[in-house]
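Structural characterization, general
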2 protein chains.
Amino acid sequence: MGQKPNVLARKCASRRYLALVASKWSLLVINALDDGPARNGSLMRKVEGISQKMLTQTLRDLETTGIVTRDDHGTLPPHVTYELTPLGRSMRKEVRSLVVWVETHVPELAATTGS
Amino acid sequence: MGQKPNVLARKCASRRYLALVASKWSLLVINALDDGPARNGSLMRKVEGISQKMLTQTLRDLETTGIVTRDDHGTLPPHVTYELTPLGRSMRKEVRSLVVWVETHVPELAATTGS
C-alpha cells in the first residue's frame, strides 16, 4: 500500500470496509455480539425486526471481512454459533461509542425532526 | 419517553437515527465537514466519488436531524455553506474513531477478504 488509507479517497479500500461496517444492520449485529458468542435464533431475538435473510447476509459480510467467526460444532442437531473475532472485538469500543451517542441524543435528534 | 433508548428494540426511534447517521455517505460527509464550514463544490471534491444527488440527499437528511446547518448568505451569485451544528460537532469524536479504526485495519480486513 503506497499511501495511508483515507476513506475520502474514491479508490481507497477503506471506503468499502467503512460501508460494510457502517451499515445499520452490521452495527446492530456487532452490538448484539458484544455479550459473547450467540446462535442464529438468539441474534434474531436480540436484533429485533431483522429478517432471517438480512441476518444471514450481514453475518456473511462480517465473516468475509474477518470481523465475525462462524463455529459449526458439528453436532446433530446442528449447533452453530457466531462470535466476534479479535479483529471484531478491537472495534467494539468504536461501535459502542457511536451507538451510545445516538441513544443519548435521541431527544435532540427527535426535537429537530419534530417526531 | 418511557424507556431508555435502545437501538436493538424494533420500535425505538434511536434505530432510525442510527441508520441515518451510520450510512457510508453520512459518515463521509460528517468527516468532510470536520475542518469547518464548506460549500457544495468543496464537499463534492472532498468526498470523492459522491454524486450531486447523493450529496444533496445526505446533506438534507443531516439537516433534518439537526446535525448539519445550511447557511444561505443571501448574496448573488448564491453563496451557501454547510456546517456541523453543536449537535453534529458532539459526534465528531465517535465518527472519527470509527473511520480511524477502519483506516487503521485495512491490512487485516483485506487479508481476510483476500483482496
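Each chain has its residues counted from 1, running along the sequence as written. Following the order in which they are written, the chains are lettered starting with A and the ligands numbered starting with 1. Where local features are concerned, this predicted model is filtered to residues with pLDDT of at least 70; where side-chain atom pairs are given and counted, the filter is 80 or more; whole-chain, interface and lining totals use all residues. Just so you know, side-chain values use all the structure's heavy atoms and leave hydrogens and water out.

Considering the overall build of chain A
Within chain A one finds seven helices and three strands. Going along the chain from the N terminus, every DSSP run of H or I of four or more residues is numbered as a helix, and every run of E of two or more is numbered as a strand. N-terminal to C-terminal, the α/β element order of chain A is α-α-β-α-α-β-β-α-α-α. With the principal axes as the frame, chain A shows a C-alpha extent of 50 × 45 × 25 Å. Any two residues whose heavy atoms approach within 4.5 Å at even a single point are treated as in contact. Excluding contacts between residues fewer than 6 apart, the proportion of contacts in chain A whose partners are at least 24 apart in sequence is 41%. Per element, the accessible surface of chain A, about 5800 Å² overall, is 52% carbon and sulfur. Here the Shrake-Rupley method, with its probe set to 1.4 Å, supplies the accessible areas, and only the displayed protein chains count as covering residues.

Topic: the sheet that holds strand β1 (residues 38-39) of chain A
Hydrogen bonds between backbone groups are what pair the strands of a sheet, and the pairing can be parallel or antiparallel. All names here are of chain A. Strands pair, by our definition, only if DSSP identifies at least two bridges between them. As summarised here, the arrangement of the three strands in space is β1-β3-β2, forming an open sheet in which the pairing is antiparallel. In this open sheet, the two strands that pair with only one neighbour each are β1 and β2 (68-72). The pairing of β1 with strand β3 (residues 80-84) spans two bridges and is classified as antiparallel. Pairing of arginine 39 across the sheet is with threonine 81, part of β3.

Some remarks on the interface of chain B and chain A
The interface is formed by 53 residues belonging to chain B together with 52 residues belonging to chain A. Buried surface area refers to the total accessible area, computed with a probe of radius 1.4 Å, that the two partners give up upon joining, counted for both partners together. For the chain B and chain A pair, buried surface summed over both sides reaches about 4500 Å², with 73% attributable to carbon and sulfur atoms. We define a salt bridge as a contact between a side-chain nitrogen of Lys or Arg and a carboxyl oxygen of Asp or Glu at a distance within 4 Å. If you look at where chain B meets chain A, you find zero salt bridges. What qualifies as a polar contact is a pair of N or O atoms within 3.5 Å, subject to a donor-acceptor requirement within protein and to the restriction that residues adjacent in sequence count only when both atoms come from side chains. On the surface where chain B and chain A come into contact, there are 10 residue pairs in polar contact (both at pLDDT 80 or more).

Concerning the packing of aromatic side chains
We call Phe, Tyr and Trp rings a pair once their centres come within 6.5 Å, taking the six-membered ring for Trp, and we label the pair stacked below 30 degrees between planes, edge-to-face above 60, and tilted otherwise. Using the criterion set out here, one finds zero aromatic pairs over all chains in the structure. Between lysine 24 of chain A and the ring centre of tryptophan 25 of chain A, over which it is positioned, the NZ or CZ distance is 4.3 Å. For a Lys NZ or an Arg CZ to count as sitting over a ring, it must be within 6 Å of the ring centre and within 35 degrees of the ring normal.

Looking at the sheet that holds strand β2 (residues 68-72) of chain B
The strand order across the open sheet formed by three strands is β1-β3-β2 (chain B), and the pairing between neighbours is antiparallel. At either end of the open sheet lies a strand with only one pairing partner, and these are β1 (38-39) and β2 of chain B.

So, the pattern of salt bridges
All names here are of chain A. Across all of its chains, the model carries five salt bridges over all chains by this definition. In this structure, the salt-bridge partner of lysine 46 is aspartate 35, at a minimum N-O distance of 3.0 Å. With lysine 46 in helix α3 (residues 40-46) and aspartate 35 in the loop between α2 (24-32) and β1, this residue pair connects regions lying 11 residues apart in the sequence. Buried, partly exposed and exposed residues are distinguished by accessible area as a fraction of the type maximum, computed with a 1.4 Å probe on protein chains only: under 20%, between the cut-offs, and over 50%, respectively. For lysine 46, a relative accessible area of 27% translates into the label partly exposed.

Observations concerning helix α6 (residues 92-104) of chain A
Take the number of residues in a helix, subtract one, and multiply by 1.5 Å to get its expected span. Taking 1.5 Å per residue as the helical rise, α6 of chain A with its 13 residues ought to reach 18 Å, and the 18 Å between its terminal C-alpha atoms agrees with that figure. Inspection of α6 of chain A places Glu94, Val95, Leu98, Val99, Trp101, Val102 and Glu103 of chain A among the buried residues, and these make up the whole buried set.

As for the relation of the copies chain B and chain A
Overlaying chain B on chain A yields an RMSD of 0.0 Å, the required transformation being a rotation through 180° with an accompanying axial translation of 0.0 Å. Expressed as a symmetry operation, the mapping of one chain copy onto the other fits a two-fold axis. In this assembly the copies share their binding face: 98% of the residues contributing to the interface of chain B also contribute to that of chain A. Only residues with pLDDT of at least 70 in both copies count here: their C-alpha atoms drive the least-squares fit that superposes the copies.

Some remarks on the packing of helix α1 (residues 13-21) of chain A against helix α6 (residues 92-104) of chain B
Under this scheme, a helix contributes an axis fitted over its contacting stretch, all axes are lines through C-alpha atoms, and angles between N-to-C directions fall in the 0 to 180 degree range. Direction vectors running N to C along α1 of chain A and α6 of chain B enclose 130°, while the axes themselves pass 9 Å from each other. Considering the angle they form, α1 of chain A stands oblique to α6 of chain B. The hand of the α1 of chain A/α6 of chain B crossing is right-handed. Seen from α1 of chain A, the contacting residues are Ser14, Tyr17, Leu18 and Val21 of chain A; seen from α6 of chain B, they are Leu98, Val99, Val102 and Glu103 of chain B. Split into classes, the residues belonging to the contact of α1 of chain A with α6 of chain B amount to six nonpolar, one polar and one charged. Throughout this description, any angle smaller than 35 degrees is read as roughly parallel, any larger than 145 degrees as roughly antiparallel, any in the 65 to 115 degree range as roughly perpendicular, and the remainder as oblique. Crossings are sorted by hand: turned counterclockwise from the far helix by less than a right angle, the near helix makes the crossing left-handed, and turned clockwise it makes it right-handed. Each residue gets one of three labels, nonpolar for Ala, Val, Leu, Ile, Met, Phe, Trp, Tyr, Cys and Pro, charged for Asp, Glu, Lys and Arg, and polar for the others, Gly among them.

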